[in-house]
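# Structural description and commentary
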Amino acid sequence: MHVHTLKVPGATLRYETRGSGPALLLLPGGGADAAVWDPLADTLADHFTVVACDPRGTTRSPLDGPPADQSPAEQADDAALLLAAVTDEPAYVLGISAGAIVAVDLLQRHPALVRRVVAHEPPLVELLPDAAEQRSFFASVVEAHRERGVEAAMAVMAAGTGGGDAGGGTRGDAAGSERHAPAAHTPPPPEVFRRMSANAPFFLEHQLRQFTGHLPDLDALAPYADRLVPAAGEESRGLLLRRPAEALARRLGVGLAEFPGGHVGCVERPAAFADRLLDVLLKS
């Protein structure tokens with residue numbers, strides 16, 4: 001595994017590469033970084049040049065200035081610059097949660113760079129008929145953070161999503177509901193957990209509402225719908241964070257791919273998740 005940095009407008013990105021073959025860009029959820037992919041990256045590196053990035057604003061990809069609100073478009077442009085730096089061919093892309101929103105926006109804004117996108121449970125609640133209710137819910141999570149801190153905010157998030165975390169990071173997993181508790185998995189090393197946990201305030205203040213409030217341009221996406229695979233966890237059925245993936249698939253007239261585990265199946269069941277991803281990318 002090799003570590004690199006890339007200067008982009010307003011930030012310096014840290015990213016990792018391993019393996020060989022066509023590029024596969026992995027985009028983590030809000031508050032997480034490239035380490036979230038460690039349990040499956042080596043398996044994927046047998047087939048791809050795996051590129052795992054720390055999004056701007058996380059501890060290892062600092063902004064040039066003070067903390068600022070984030071947008072999917074800005075991070076999609078970062079992803080485009082990163083792909084241009086590592087490959088001259090269209091790439092495969094996997095995004096989970098907030099990273100899935102970026103992946104969808106990347107396809108919409110930079111289609112020439114993308115061969116196929118798997119968007120696993122993007123929390124695009126603006127696609128839902130009850131969007132106003134969900135907008136209010138995520139505002140209540142941010143308010144809980146401002147009034148009572150990170151743990152209180154994550155508890156509100158877990159209660160409203162059935163145990164999922166709209167960022168797809170590590171903190172929400174620990175607050176999972178009894179109804180849909182995460183599958184048994186090896187927890188991240190303490191230093192990784194501490195580093196990602198330190199990103200939670202930034203995610204809650206500057207990314208959660210900004211990303212969940214994003215509405216993709218479905219008309220602009222339509223010509224590239226055959227490159228998009230909306231995906232959802234088998235254990236997410238009936239839960240809030242699965243519904244936007246279902247809506248996206250329905251609105252674009254494409255199929256929904258199910259993956260092992262729940263909202264963060266790549267962490268809960270990494271081996272099975274990697275096998276399913278290879279099936280989707282290489283056999284379809």
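A brief structural summary. (Residues numbered from 1 in each chain as written. Predicted model: local features only at pLDDT ≥ 70, side-chain atom pairs only at ≥ 80, totals over all residues. Heavy atoms only, no water.)

Moving on: the pairing of strand S3 (residues 23–27). Burial analysis of S3 places five of its five residues in the buried class, the great majority of the element. Where S3 lies against strand S4 (residues 49–54), four bridges are found, and the strand directions are parallel. Opposite Leu26, over in S4, you have Ala52 as the bridge partner. In this region the chain leaves S3, passes through helix H1 (residues 38–45) and returns to the parallel neighbour S4; the handedness of that crossover is right-handed. For S3 and strand S5 (residues 91–96), the ladder comprises four bridges, and the chain directions are parallel. Bridging from a neighbouring strand, Leu24 pairs with Tyr92 of S5. (Buried < 20%, exposed > 50% of the residue type's maximum accessible area, 1.4 Å probe, protein only. Helix = DSSP H or I, 4+ residues; strand = E, 2+ residues; numbered from the N terminus. Pairing = 2+ DSSP bridges. Right-handed = clockwise from strand over helix to strand, strands pointing away.)

Before going further, it helps to spend a moment on the packing of helix H2 (residues 72–86) against helix H3 (residues 98–109). Look at H2 against H3: their axes get within 8 Å of each other, and the N-to-C directions meet at 70°. It follows from the interaxial angle that H2 and H3 lie roughly perpendicular. You can see that H2 and H3 cross each other, and the crossing is right-handed. In this structure, H2 contributes Pro72, Ala73, Gln75, Ala76, Asp77, Ala79, Ala80 and Leu83 to the contact, and H3 contributes Ile101, Val102, Asp105, Leu106 and Arg109. Split into classes, the residues belonging to the contact of H2 with H3 amount to nine nonpolar, one polar and three charged. (Axes fitted to C-alpha atoms, helices over the stretch in contact; angles between N-to-C directions. Parallel < 35°, antiparallel > 145°, perpendicular 65-115°, else oblique. Left-handed = near helix turned anticlockwise from the far one by under 90°. Contact = heavy atoms within 4.5 Å. Nonpolar A, V, L, I, M, F, W, Y, C, P; charged D, E, K, R; others polar.)

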